[in-house]
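So you can see what is in the structure, the chains are spelled out below.
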Amino acid sequence: MIKIIIFLLLYVPLESIAADDEEVKVSIAQYRGGRDAAISYTFDDGLLEQYTLVFPELEKRNIKATFAVNGGWMGCISAKKVCMSWEQARKMAQAGHEITNHGWMHKNLTKLVGEERRFEIQHNDTVIFEQTGIFPRTYFYPGNRKNEEAIACASVDRVGTRIRQIDIGSRRNARWLTQWTDSLIANRLWGVGMTHGIVTGYDAFPDPQVFWNHLDEVNCRRDRLWVTTFREVAAYMAERENLVLDIKRTSGKITVTFHFTMDKELFDMPLTLLLEDLPDQCAVTVLQDGRNLPVNLCRRGMVVDFSPWGGPVEISYACLLYTSPSPRDRTR
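Just so we're clear, the structure is a prediction, and the values are computed from it rather than from any experiment.

Caption draft 1: Local environment of the nonpolar core. Formed by 43 residues in total, the largest nonpolar core has its most connected members in Leu273, Leu278, Val284, Phe306, Val313 and Ile315. Where this core is concerned, the elements lending two or more residues are strand 2 (25-28), helix 8 (230-242), strand 12 (253-259), strand 13 (271-276), strand 14 (282-288), strand 17 (301-306) and strand 18 (313-322). Considering each element in turn, this core owes the most residues, six residues, to helix 8. Leaving out residues up to four positions away in the same chain, Phe306 has contacts with Ile28, Leu243, Phe258, Pro270, Leu271, Thr272, Leu273, Gln288, Leu293 and Val313. Grouped together as the second largest cluster of nonpolar side chains are 35 residues, Ile99, Val127, Ile198 and Leu215 included.

Caption draft 2: Local environment of unusual backbone geometry. The phi dihedral of Asp45 is positive, around 80 degrees, even though this residue is not glycine. Structurally, Asp45 can be placed in the loop between strand 3 (37-44) and helix 2 (48-60). Judged by relative accessible area, which is 10%, Asp45 ranks as buried. Phi at His106 is positive, roughly 60 degrees, even though this residue is not glycine.

Caption draft 3: Here's a closer look at the sheet that holds strand 17. With respect to topology, four strands assemble into an open sheet ordered 2-13-17-16, the strand pairing being antiparallel. The open sheet terminates on both sides in strands that have one partner only, identified here as strand 2 and strand 16 (296-298). Taken over all neighbouring pairs, the strand axes of this sheet differ in orientation by 35 degrees on average, direction set aside. In this sheet, strand 17 lies alongside strand 16 in antiparallel orientation, the contact comprising three bridges. Bridge pairing links Cys298 to Gly301 in strand 17. Contacting strand 2 and strand 13, helix 8 runs over the sheet at an angle of about 60 degrees to strand 13.

How each quantity is defined
- Residues numbered from 1 in each chain as written.
- Predicted model: local features only at pLDDT ≥ 70, side-chain atom pairs only at ≥ 80, totals over all residues.
- Heavy atoms only, no water.
- Core = buried A, V, L, I, M, F, W, Y, C linked by side-chain atoms within 4.5 Å.
- Buried < 20%, exposed > 50% of the residue type's maximum accessible area, 1.4 Å probe, protein only.
- Helix = DSSP H or I, 4+ residues; strand = E, 2+ residues; numbered from the N terminus.
- Contact = heavy atoms within 4.5 Å.
- Pairing = 2+ DSSP bridges.
- Axes fitted to C-alpha atoms, helices over the stretch in contact; angles between N-to-C directions.

Structure below.
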């Protein structure tokens with residue numbers, strides 16, 4: 001009997017039909033891969049612990065973070081702080097972490113004018129580029145002190161600056177960290193976590209294991225959380241806000257053309273197209289510039305990463321319906 005059932009299933013014919021084009025929603029996903037929220041972990045002042053303790057723990061979990069350094073402090077050893085070396089920062093940059101600008105000597109930009117402010121920002125840019133080979137495209141305000149003029153100066157030739165962040169260091173426990181993550185997902189937010197020391201110094205954790213456990217928790221939710229550097233999320237969100245879609249529909253096909261005027265050297269992040277309300281059992285093919293783009297499932301539908309600098313994205317889809325076998329098929 002089992003053999004007969006399998007035999008009949010193999011001969012059930014399939015019929016391919018096009019889905020209703022007007023029902024399929026096409027948009028740019030709020031976050032890469034159609035995830036519900038984003039997290040960027042940021043570490044200020046270039047402390048040695050960030051290299052010796054944080055870097056290995058992040059690498060174990062394949063999490064990339066952002067380290068904001070003060071060039072004038074690199075390699076510093078004092079009673080108040082011990083900072084990483086440029087060689088150590090370079091290793092982190094080569095591993096895919098972001099090394100960004102936190103001011104040359106951690107000076108308050110709101111108190112600086114003219115050449116002094118330019119030096120504090122731009123000299124640090126230059127040295128970071130010379131030491132790591134990657135030009136910093138974000139800026140973190142020393143002491144989080146900023147005003148409109150400081151923001152305007154620090155934002156030149158950047159994808160973004162850190163305007164808002166939340167302390168995830170010494171004042172937080174495991175319960176708070178879990179609630180923070182839950183809140184980001186529930187409210188579809190980008191969380192920018194910030195800390196300094198790990199076991200010593202300002203903002204250090206009473207027990208760093210609390211933070212490592214939190215990273216494990218977040219790592220298990222990567223299907224819903226986009227965990228990456230500050231630069232990547234800032235660039236993605238700016239591109240998403242500035243991209244205009246021109247959508248044309250024909251039977252079983254949608255062509256999406258992009259109108260995009262941003263600086264390609266600054267904004268080079270792939271974006272994610274979100275396809276919603278596709279009928280079940282749909283076969284989807286996506287092409288851009290003659291290349292097949294991988295299509296994946298997310299909680300809200302199907303997603304595909306594309307280049308906003310490329311040509312139109314062509315989405316073809318057909319739905320497979322089972323039809324009843326004819327009398328002749330049943331007798332085979």
